[in-house]
Amino acid sequence: MCTRAGSFARFLPAVGLLLFLSPGSESHNSVARQCSSNVPTALHSQAHPGCPHPVDASTAREPIDWSPWTHPPECLEAELSPTTKYCVFTNSQHGNGGVSFITTPEIAADSADILNDSGYTHTKSFINNTAGVAYEIRDIPRKGKGLIAMRRIKRAEVIVADWAALIVNINFPTSVRRAQGYRLLHRATDQLSDPDTVLELAHRSSISSDIIEDILRTNAFSYTLGEESHMALYPQVSRFNHACRPNAFIRFTPSSLAVSVVASRDIEVGEELSITYVPLGKTREERQEALQKWGFNCTCSLCTASKAEIAASDYRRTKIKTLRQEVMEAVEAWDGRKAVKLTLEALELMQEEELAPLYSSQYEIIARLYWKAGDKKTGTKYAQMSIDTLVDQGYLEDRSETLPALLQSFD
């Protein structure tokens, strides 16, 4: 199968687009506006015809000035850039117990529309749900608290829906005086309707000097807002402990502060619920090194297997990494047939390693390869396999418009 390098060189970075075609993001992506900052259109809803103006402590005098926030902003100037301010913006009614942002006034203004999202994509499965409570919090030896299944949980079932409680610009901690920064973190937490949802979370960072900083370092996820990196804290998701072969995964949507945790396989009564804290596919040594950020060594079944089993797993994972690089090289060499063969080899190894969240992207790569080579029938087949995999895993709903949308992105 021959290919055009000019087309293929650009196609691989697009893989994974399918995850952004889910129902949770469509209404936000359908309207594009020009605002003061270059914010993804996913954060611009149809509810506001114009763009909100940035506000800070000096310009927000009345509640109408700082709407949709429920508290007046409090701000700090950056030490090395006095024109940059970081302010706390709180809406104490959003989600499960409110949300506080610590970010620039410009990003807060351009991102305010995200508060309009109800999180329905993540919560709808709980409406009229008669299955009963899925888990309870228990003490786990050597782990502190953890979640234990109280009933059988089916694969692709939503276990929990959660909303971000704190979102903090990644540049904030190093841009302001430490004591002042801690004061703003405390204000952000206190302005939530239930600060205990944050304060009761685990904190085990050895380099933190403040409890909120420690909680963020221990529990926060990376989150992009206004094209800048932020830390996002999800209190309920933070209760899930790590496993290198987890039985659940986190489902994000780009237009929402809500997330959900979905079972990646059937989970039996008494099993601990787990997610992964590190990217999938790493070797044991790489995983243990990455987990030092959270201050513990993993003792999951994969990390405590026999030496031969660990070696075999590491070999497969290293081979997957090599094959994915060889796929890129085959694409650059216009060798689509080889790229497909290598991708199928990588997929087989992923299945042996139970790296289920990676399956769909491999089918999508193959689909794009065939499509660009002119074999649209086979390309469509693999595109549908990619969609079916995501539906089966609970990432997407089964909707007729998803396949045409994905195929359109191939051109």
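Right, let's walk through the structure included here. Note that the structure is predicted; figures quoted are calculated from it, not measured.

1. A word on the sheet that holds strand S1 (residues 74-77)
Spatially, the six strands line up as an open sheet ordered S1-S2-S3-S7-S9-S8, and their pairing is mixed. The strands lining the two open edges of the sheet, one partner per strand, are S1 and strand S8 (221-225). On average, each strand axis in the sheet is inclined to that of its neighbour by 20°, with strand direction left out of account. The pairing of S1 with strand S2 (residues 85-91) spans four bridges and is antiparallel. Bridge pairing in S2 places Cys75 opposite Cys87. Contacts between helix H7 (residues 178-190) and the sheet are confined to S1, S2, strand S3 (99-103) and strand S7 (166-169), with S1 contributing the most and set at about 160° to the helix.

2. Examining the state of the cysteines
Disulfides are covalent bonds that link the sulfur atoms of two cysteine residues. According to the stated counting rule, one finds one disulfide in the structure shown. Here Cys75 pairs with Cys87 through a disulfide, and the sulfurs are 2.0 Å apart. Between Cys75 and Cys87, the S-S dihedral sits near 105°, and the bridge is therefore right-handed. Highlighted residues: Cys75 in strand S1 and Cys87 in strand S2, separated in sequence by twelve residues. Across this residue pair, the class does not change: Cys75 and Cys87 are buried. We note that Cys244 lacks a disulfide partner, and the nearest cysteine sulfur, in Cys303, lies 3.5 Å from it. There is no disulfide at Cys298, and the cysteine sulfur nearest it, in Cys300, is 3.4 Å away.

3. Notes on helix H12 (residues 336-352)
Structural remark: α-helix, 3.6 residues per turn; residues separated by three or four positions point the same way. An ideal rise of 1.5 Å per residue puts 24 Å on 17 residues; H12 measures up with 25 Å between its terminal C-alpha atoms. Residues Gly336, Ala339, Val340, Leu342, Thr343, Ala346, Leu347, Leu349 and Met350 constitute the buried set of H12. Structurally, H12 contributes buried residues whose contacts are with helix H11 (307-332) and helix H13 (359-372). Backbone geometry just downstream of H12 places Glu354 in the positive-phi region, at approximately 60°.

4. Brief notes about the pairing of strand S11 (residues 248-252)
For a regular strand, side-chain orientation follows a simple rule: the groups alternate between the two sheet faces. Among the five residues that make up S11, four are buried, leaving the element largely enclosed by the rest of the structure. Here S11 pairs with strand S12 (residues 258-263) via five bridges, running antiparallel. Residue pairing in the sheet places Arg251 in a bridge with Ser260 of S12. Connecting S11 to the next strand, S12, in antiparallel fashion are five residues.

5. Quick word on the nonpolar core
If you look at the biggest cluster of nonpolar residues, it comprises 38 residues, and the most contacted ones within it are Phe101, Ile159, Leu257 and Leu273. Elements supplying a minimum of two residues to this core: S2, S3, helix H4 (105-111), strand S5 (144-149), strand S6 (158-163), S8, S11 and S12. If one sorts the elements of this core by residue count, S12 sits on top with three residues. Setting aside residues up to four positions removed in sequence, Leu273 forms contacts with Tyr135, Leu147, Ala149, Ile153, Ile159, Phe240, Asn241, Asn247 and Ile267.

6. Describing the sheet that holds S11
Pairing within the open sheet is antiparallel, and its three strands lie in the order S6-S12-S11. If you trace the sheet from one side to the other, it starts and ends with S6 and S11, each paired once. Each strand of the sheet is rotated relative to its neighbour by a mean of 20°, with strand direction disregarded.

7. Considerations on the pattern of salt bridges
Working definition: two side chains of opposite charge can pair if their charged atoms are close together. Tallied over the full model, the rule gives 21 salt bridges. A salt bridge links Arg187 to Glu74; its shortest N-O distance comes to 2.6 Å. Taken together, the residues span a long stretch of sequence, with Arg187 in helix H7 and Glu74 in strand S1 at a distance of 113 residues. Here Glu268 and Arg152 are joined by a salt bridge, their closest N and O atoms 3.1 Å apart. In this pair, Glu268 sits in the loop between S12 and strand S13 (274-275) while Arg152 sits in the loop between S5 and S6, placing the two residues 116 residues apart along the sequence. Relative accessible area serves as the criterion here: at 40%, Arg152 is assigned to the partly exposed category. One salt-bridge network, in which partners are shared between bridges, spans Arg245, Arg316, Arg317, Glu352 and Glu353.

The rules behind each value
Residues numbered from 1 in each chain as written. Predicted model: local features only at pLDDT ≥ 70, side-chain atom pairs only at ≥ 80, totals over all residues. Heavy atoms only, no water. Pairing = 2+ DSSP bridges. Helix = DSSP H or I, 4+ residues; strand = E, 2+ residues; numbered from the N terminus. Axes fitted to C-alpha atoms, helices over the stretch in contact; angles between N-to-C directions. Contact = heavy atoms within 4.5 Å. Disulfide = S-S within 2.5 Å. Buried < 20%, exposed > 50% of the residue type's maximum accessible area, 1.4 Å probe, protein only. Expected span 1.5 Å × (residues − 1). Core = buried A, V, L, I, M, F, W, Y, C linked by side-chain atoms within 4.5 Å. Salt bridge = Lys/Arg side-chain N within 4 Å of Asp/Glu carboxyl O.

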